[in-house]
Amino acid sequence: MRSRILKNVGSGCTFLMKSIPGLQTFLGEYYVENTDTSVSPASGQRWKYLLFKLVAATSNEDCPLVLLLDDLQWADETSLDVIRMIVTDPDIRYCLFIGVHRDNQSSSTNRVKKLLHGIQEQGVSFMAMRIGPIEKESINTILSETLCLPPRLCQPLSTIIHSKTGGIALFMLDFLKSLKEEGLLWFDLSSRRWAFDTRGIDAKEISDDLVEHISKRMTRLPHGMQSGLKISACLGSSFSAGTLQKGFSRNDFDIDEFLRFSIESGYLREISSGKFMWAHDQIQQAAYELIPVTRRESFHLLLGSRIFLRTTSAEMDDDLFTIVANINIGIRLMKSKHQKLEVARLNLRAGEMAIASSAFNSAAEYLVLGIALLPDDSWVEEYDLSIRLYDGATEAIYVTGDFDKLSTIIQTPLLHARRLEDKLNTYNIFVRYLIASGQLKEAISKSINVLAQLGEILPEHVDNNVYAEEVEHVKQSLVNLSEDDLLNLPCMTDERKLACMQFMNIVMSAAYCVEPLLSPILVFRMVRLSIDHGVCNISTFAFGLYGAWLVSAVNSDFEGGYRMGFLAISLMNRLEANEFIPRVYTSVYGFINIWKEPFQAGQVKCLEGYDAGAMSGDTEFAVSCLFQYASCAFHSCGEDIAMLVLCR
């Protein structure tokens, strides 16, 4: 299995390890860590694809995979989309997916129903099983086996329990515990068997709500135990003993006794050494109900602040999300400007950690809240903090696709940032947003404006004269330069020129669609920048596109284009610019080499380009490589069309 994972996922394992730490333990010495852990606006798609590849690698005929996910009603859109990909993709076979969800939460249930409908539309069969309450006869059997009594003697008790709990398993177990605590169910030493007070149990009044019933039982516990349950409920579904200890106001509280009692009572489970989780989310909710509604904000704020003050810098990454989650709930009670700035910094750190783990929805929440905490004079007094919060927020929101929210904040850093360099990341996201929302001309106009500020003046309107001048300029730049000269150009170091290359790369496809004469000019400028100021990763794409232009009908320079294509691939290998594989392969194997080599020669490379693009998150050119593969196979390679559709 390890070899299959390394073959399928490859260097993407490093990226996945941020959200699946156990993967590194499993691979062990077999995996050599990849240093490329960069996060980009395409990281969301990259994470989905890599997780899909991981699942495909772990399931085969000899070792089928059963994937069970509980509580789907709480899954976000990204998680549900990954589930859809796994279930519907024909490449993943020998995988049984089991999803569990509650259908009593309308908004969450609608998302799950939408997922199931989408799966069914794609021809995937599934079986829906409704798990209802336990029937009275089954309850009687459970009681008979638990109390070691004949079923006939348990019948009165099972009838009462079924009536009062509705057959809900957790409710039934908790009710039985309460009966024992109140002396209504006891072990009779004289008869050496369990006995119960039928009339007393029948007369006992209990709430119809499970959470309320469990919470009421918890109120009978000693004060210290109740405090422990309250704090634990605020730490999330799982927590460490160390974090729990920091949450107590008294250092002399016996945390070991509390944890032992909670485990024996069925409230908590120990999942690893020093790590605990709630036995059921309804139990956690019951513990949370112990906190009066009017005091919850102050309780969270005090708890988060206490853990923060007791956490060392070395431990901060482990407890950061717990600290921020609690403080944020009580943020309304904060009045001090200094305190708000401190919390804004914590939200910034949490947001950046979430982005690094591809948890973009959570990152957006942290960063937007951090922005809301900034004072009116933040662009004067807290300039660096403001820039980082807005940069992170625009990136996270763009990835989540919430363009309405993005449009409300993206103009602020462009208005207040002091230097152009501080605006570039926001401009980058802004142009991507315009392209993604179909505003291609606006994206081109904005890019031309930014490039002008960077010193690269592009014509807004291209006619034949302008086009001819640009052609002459790029040809003059290439005069007397051999392929070896171009391959050994120094690396580009000027930050502004690198930014120019980036913006021209981003807007290239948009220009090709709506401003076809501008598109080759962008290529010419990138080639000239690479010659004059050194090469960068984007240069590999630029030389590939220039080669494609040379072999086009305008020039029909097949030899020159072929040499440029070879240069693009050689330069890509020299720079180790693997993220540009799909772009370079599209231009070289899709447009250049077909004039010199058989169509079949580039098919494997097109598939490699697709995999590389999907892994790096470059969906646009991953699909382009796939189109080139299918086009060659369809027109010239004699492949069976039905098999082509089925396999790809």
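Structure: above.
The notes below deal with the structure included here. Quick caveat, the model's predicted, so the values are computed rather than measured.

The sheet contact formed by strand β6 (residues 268-272) and strand β7 (residues 275-278) spans 4 bridges and is antiparallel. Across the sheet, residue S272 finds its bridge partner in β7, namely K275. The hairpin turn running from β6 into β7, its antiparallel successor, is 2 residues long, and G274 in that turn takes a positive phi close to 80°.

On to the sheet that holds β6, then. Reading across from one edge, β5-β7-β6 is the order of the 3 strands in this open sheet, with antiparallel pairing throughout. With partners counted over all chains shown, the strands left at the sheet margins are β5 (238-240) and β6, one partner each. In this sheet, neighbouring strand axes are inclined to one another by 35° on average, regardless of whether the strands run parallel or antiparallel. Helix α14 (residues 255-264) contacts β6 and β7 of the sheet and is inclined by roughly 110° relative to β6.

For the α-helix, the turn length of 3.6 residues means that residues three or four positions removed from each other point alike. An ideal rise of 1.5 Å per residue puts 26 Å on 18 residues; helix α21 (residues 383-400) measures up with 26 Å between its terminal C-alpha atoms. Among the 18 residues of α21, 14 are classified as buried, and the element is accordingly described as predominantly covered. Positive backbone phi, approximately 85°, marks G401, located one or two places after α21.

Counting residues in hydrophobic clusters, the biggest one holds 148 residues, and the most contacted among them are M218, L229, L244, W278, V527, F543 and Y546. Ignoring sequence-local partners within four residues, the contact set of M218 consists of Q226, L229, Y267, I283, A286, A287 and L290. L54, A56, I86 and M615 belong to the second largest nonpolar core, which has 22 residues in total.

What follows is about the packing of aromatic side chains. Any two aromatic rings considered together are summarised by their centre-to-centre distance and by the angle between their planes. Applying the stated rule across the entire model yields 16 aromatic pairs. Summarising the aromatic geometry, the rings of F524 and W549 are spaced 4.9 Å apart at their centres and angled 80° between planes, so their arrangement reads as edge-to-face. Residue F524 is located in helix α29 (residues 518-533), and its partner W549 is located in helix α30 (residues 537-551); the two are separated by 25 residues in the primary sequence. Pair check on accessibility: F524 and W549 agree, each one buried. An aromatic cluster is defined as three or more aromatic residues linked by ring pairs; in this entry it consists of Y398, F403, F430 and Y433. Of note, R583 hangs over the ring of F541, and the distance from its end group to the ring centre comes to 5.5 Å.

Conventions adopted
- Residues numbered from 1 in each chain as written.
- Predicted model: local features only at pLDDT ≥ 70, side-chain atom pairs only at ≥ 80, totals over all residues.
- Heavy atoms only, no water.
- Pairing = 2+ DSSP bridges.
- Helix = DSSP H or I, 4+ residues; strand = E, 2+ residues; numbered from the N terminus.
- Axes fitted to C-alpha atoms, helices over the stretch in contact; angles between N-to-C directions.
- Contact = heavy atoms within 4.5 Å.
- Expected span 1.5 Å × (residues − 1).
- Buried < 20%, exposed > 50% of the residue type's maximum accessible area, 1.4 Å probe, protein only.
- Core = buried A, V, L, I, M, F, W, Y, C linked by side-chain atoms within 4.5 Å.
- Phe/Tyr/Trp six-rings, centres within 6.5 Å; stacked < 30°, edge-to-face > 60°.
- Lys NZ or Arg CZ within 6 Å of the ring centre and 35° of its normal.

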